[in-house]
Amino acid sequence: MSEQMIQVNKLNKYFGDLHVLKDIDFHVEESEVVVLIGASGSGKSTMLRCLNFLEMKNSGELYIKGEQIDPKKDNLNQVRQQVGMVFQHFNLFPHKTVLGNVIEAPLQVKKVSKAQAKKEGKELLEKVGLGDKADDYPARLSGGQKQRVAIARALAMKPEIMLFDEPTSALDPELVGEVLQTMKDLAKEGMTMVVVTHEMGFAREVADRVVYMHDGKIVETGAPKDIFENPKEERTQAFLSSIL
Amino acid sequence: MYLNFVNFWGSLIESRGIFFEAAQMTLALTAISILIAIFIGLMFAFMKISKIKPLEWLANIYIYVVRGTPLIVQIFVFYYGLTEIWMISGFWSVALGLAFHNGAYIAEIFRGSIQSIGKGQTEAGRSLGMSNILTMRRIILPQAFRRALPPLGNQFIIGLKDSSLAAFIGVSEIFAVATTQGSNTFDYMTWLLVSAVWYLILVFLLTLAVSAIEKKMAVSD
């Protein structure tokens, strides 16, 4: 068995009285690409946000690379360095240049030298196809470019896991492709990825495993081929026929 | 009492020496009190957003008291209160009184601008492994300060004009010099208008300075 990058046991999450995650069992293996699908309100984004502690679970166990994480005792800042995150609305730092965004955390958190951070930052920007934008401010970029900068920024911390929270949902349709391509390249390099998305084409092509969530529960999980062509659960069938 | 315009221009030019000195006093009073007020304002803004109840209450009481009482009362309380305990000059007691006063308004300006920065910015910082304090210092505050600048500039102007109340404590700033001149010459109107011109010049310079900073911070647009 390959190493478990993420292991979640009986995870529960409440927003006030609202029970949004119900006894979730979930795992991600090394280099695996797992895509979470489901209607809005199904809990998939909350689930993703629990994985880097932007949301705190109410009960259950969470292991990152085999180590159980206790938010009260463990240094979450260190945990988060291993778990990069890309947001729906990019959340670039508007007061910093593109390169400034990418090198901020390596400089401030990892205390990498400025020369080193800049060199690595520029390499990352080249990798996402934005080498020429290093000195521009985010306000001057398109949505697709912003999201690729956000991916480069997350990668700059050299995470072992990348979380994507609807990375293309805020983009104009013609800009979706460039972001998905960047993610595909990343998957090919063997990055462990958990992706919340409505892009079923991406799920079909890139995912090793697709997880369908409904009403705070994992209803069905399997290879994309099985989920899309032979969903076992009625709920999954209904969801897929409503969107495909 | 009527205004003799020839007299006015003549007085304005002839008195430039003493008013230049008075203007320096006004500026010193304003600069010192605003600097301390920014420090106080930041501190109380953090207390208000700290989610630590006693600190929130303390900040709320402070802001309530400052906003609920006249500045002249605050200045006299500082003057009589401080000179009682300390060997402190009239200048410093007014400076501290003005700082205490402006601090409350600046606290609200900072609180508003910090809270206006989207939650996504904090989440982006935290998701990169930055601590809460580091995220506040490197990500939130620079953006919040930029948003705070226009209302802050406004407050600086109010602070500059309010420093005229120092005249009642015997600090020789612009308004004090004007009233002294007025009582010496029995020509109050001329000297009040001379003081008004000096305030207009100072406010103009302050406005220029603030918009220069605003422009400098707008490079990322």
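Small disclaimer: the values here were computed from a predicted structure and weren't measured. (Residues numbered from 1 in each chain as written. Chains lettered and ligands numbered in written order. Predicted model: local features only at pLDDT ≥ 70, side-chain atom pairs only at ≥ 80, totals over all residues. Heavy atoms only, no water.)

J.: Honestly, the overall build of chain A in this entry has me stumped. Any pointers?
T.: Of the regular secondary structure elements, chain A holds 9 helices and 10 strands. Its C-alpha atoms give chain A principal-axis dimensions of roughly 55 × 45 × 40 Å. Expressed as a percentage of the 244 residues in chain A, the buried residues total 53%. When contacts within chain A are restricted to residue pairs at least 6 apart in sequence, those whose partners lie at least 24 apart make up 66%. In the form shown here, chain A has an accessible surface area of approximately 10800 Å², with 45% of it arising from carbon and sulfur atoms. Charge separation in chain A, taken as the distance between the mean sites of 32 positive and 36 negative side-chain charges, equals 5 Å. (Helix = DSSP H or I, 4+ residues; strand = E, 2+ residues; numbered from the N terminus. Buried < 20%, exposed > 50% of the residue type's maximum accessible area, 1.4 Å probe, protein only. Contact = heavy atoms within 4.5 Å. Areas by Shrake-Rupley, 256 points an atom, 1.4 Å probe, with all protein chains shown as cover. Lys, Arg positive; Asp, Glu negative; His and termini not counted. Charge placed at Lys NZ, Arg CZ, Asp CG, Glu CD.)

J.: What should I look at first to understand the interface of chain A and chain B in this one?
T.: One frequently used descriptor of interface size is the decrease in accessible area upon assembly of the parts. Opposite the 24 residues of chain A that make contact, chain B presents 21 residues. Along the contact surface separating chain A from chain B lie 2 salt bridges. Here arginine 138 of chain B ties to glutamate 104 of chain A by a salt bridge, and the two come within 2.7 Å at their closest N and O atoms. In this assembly, chain A and chain B are joined by 6 residue pairs in polar contact (both at pLDDT 80 or more). (Salt bridge = Lys/Arg side-chain N within 4 Å of Asp/Glu carboxyl O. Polar contact = N/O pair within 3.5 Å; in protein donor to acceptor, adjacent residues only side chain to side chain.)

J.: For this particular structure, what's the right way to read the sheet that holds strand β9 (residues 209–214) of chain A?
T.: As a general point, the strands of a sheet are linked pairwise by backbone hydrogen bonds and lie either parallel or antiparallel. All names here are of chain A. The 6 strands lie next to each other as β6-β7-β8-β3-β9-β10, forming an open sheet whose pairing is mixed. Each edge of the sheet is formed by a strand with only one pairing partner; in this case those strands are β6 (83–86) and β10 (217–222). Across this sheet, the average inter-strand angle for adjacent strands is 20°, counted without regard to direction. Pairing of strand β3 (residues 33–37) with strand β8 (residues 192–196) involves 4 bridges; the strand directions are parallel. Looking at the pairing, valine 33 lines up with methionine 193 of β8. Of the strands in this sheet, β3, β7 (161–165) and β8 are in contact with helix α6 (residues 173–188), which crosses β8 at around 150°. Packed onto the sheet, helix α9 (residues 234–243) meets β3, β9 and β10 and runs at close to 95° relative to β9. (Pairing = 2+ DSSP bridges. Axes fitted to C-alpha atoms, helices over the stretch in contact; angles between N-to-C directions.)

J.: Is there a simple way to think about the packing of aromatic side chains in this case?
T.: To describe a pair of aromatic rings, you give the distance between the ring centres and the angle between the ring planes. Within this structure, the stated rule accounts for 11 aromatic pairs over all chains. Each ring, one from phenylalanine 8 of chain B and one from tryptophan 9 of chain B, has its centre 5.0 Å from the other, and the planes form 65°; the classification is edge-to-face. For phenylalanine 8 of chain B, a relative accessible area of 8% corresponds to the buried category. Each residue in the set Phe44, Tyr62, Phe78 and Phe100 of chain B is aromatic and connected to the rest through ring pairs, giving one cluster. The residue whose ring lies beneath arginine 153 of chain A is phenylalanine 93 of chain A, and the NZ or CZ to ring-centre distance is 4.4 Å. (Phe/Tyr/Trp six-rings, centres within 6.5 Å; stacked < 30°, edge-to-face > 60°. Lys NZ or Arg CZ within 6 Å of the ring centre and 35° of its normal.)

J.: What's the story with the UniProt feature "transmembrane region" (unreviewed entry) in chain B in this structure? I'm lost.
T.: Residues and elements named next belong to chain B. Those residues carrying the UniProt feature "transmembrane region" (unreviewed entry) are residues 25–45, 57–79, 85–107 and 188–213 in this numbering. Taken as a whole, residues 25–45 contains 100% helix and 0% strand, while its terminal C-alpha atoms sit 29 Å from one another. A helix fraction of 100% and a strand fraction of 0% characterise residues 188–213, whose end C-alpha atoms lie 38 Å from each other. (UniProt positions renumbered as here; feature names shortened; annotations may be inferred.)

J.: Which parts of the structure should I look at to understand α6 of chain A?
T.: Note: α-helices contain 3.6 residues per turn, so residues at a spacing of three or four share the same orientation. Residues and elements named next belong to chain A. Taking 1.5 Å per residue, 16 residues should reach 22 Å; α6 reaches 24 Å between its end C-alpha atoms and fits that length. For α6, the set of buried residues is Leu175, Val176, Val179, Leu180, Thr182, Met183, Lys184, Leu186 and Ala187. Looking at the packing, one finds that the buried side of α6 touches β3, α4 (114–127), α5 (143–155), β7, β8 and α7 (200–206). Glycine 190, located one to two residues past α6, shows a positive phi value of around 95°. (Expected span 1.5 Å × (residues − 1).)

J.: Is there a simple way to explain the UniProt feature "domain: ABC transporter" (unreviewed entry) in chain A in this structure?
T.: Within the UniProt annotation, "domain: ABC transporter" (unreviewed entry) is assigned to residues 6–240 of chain A. Split by type, residues 6–240 of chain A is 37% helix and 26% strand. Its first and last C-alpha atoms lie 27 Å apart.

J.: I'm lost on the nonpolar core in this one. Help?
T.: Residues and elements named next belong to chain A. Grouped together as the largest cluster of nonpolar side chains are 49 residues, with contacts concentrated most on Leu125, Ile151, Met162, Phe164, Met183 and Met193. With 7 residues, the top contributor of residues to this core is α6. Isoleucine 151 has contacts with Val86, Met162, Phe164, Val179, Thr182, Met183 and Leu186, leaving out every residue within four places of it along the chain. The next biggest cluster of nonpolar side chains, apart from the first, holds 42 residues, and it includes Leu36, Leu51, Met157 and Ile161. (Core = buried A, V, L, I, M, F, W, Y, C linked by side-chain atoms within 4.5 Å.)

J.: Whenever I open this one, the confidence of the model for chain B confuses me. Can you help?
T.: One rule of thumb: low pLDDT means the predicted coordinates there are not for detailed reading. Scored by pLDDT, chain B comes out at a mean of 93, with 97% of its residues at no less than 70. Across the interface, the model reports ipTM at 0.92; the global pTM reads 0.87. (pLDDT = per-residue confidence, 0-100.)

J.: How do you make sense of the sheet that holds strand β5 (residues 67–68) of chain A when you look at a structure like this?
T.: All names here are of chain A. Spatial ordering of the open sheet is given by β2-β1-β4-β5, a layout of 4 strands whose pairing is antiparallel. Looking at strand neighbours, the two that pair on one side only are β2 (18–29) and β5, the edges of this open sheet. Sheet topology places strand β1 (residues 4–15) next to strand β4 (residues 59–64); 5 bridges connect them, and they run antiparallel. The residue of β4 that forms the bridge with valine 8 is leucine 62.

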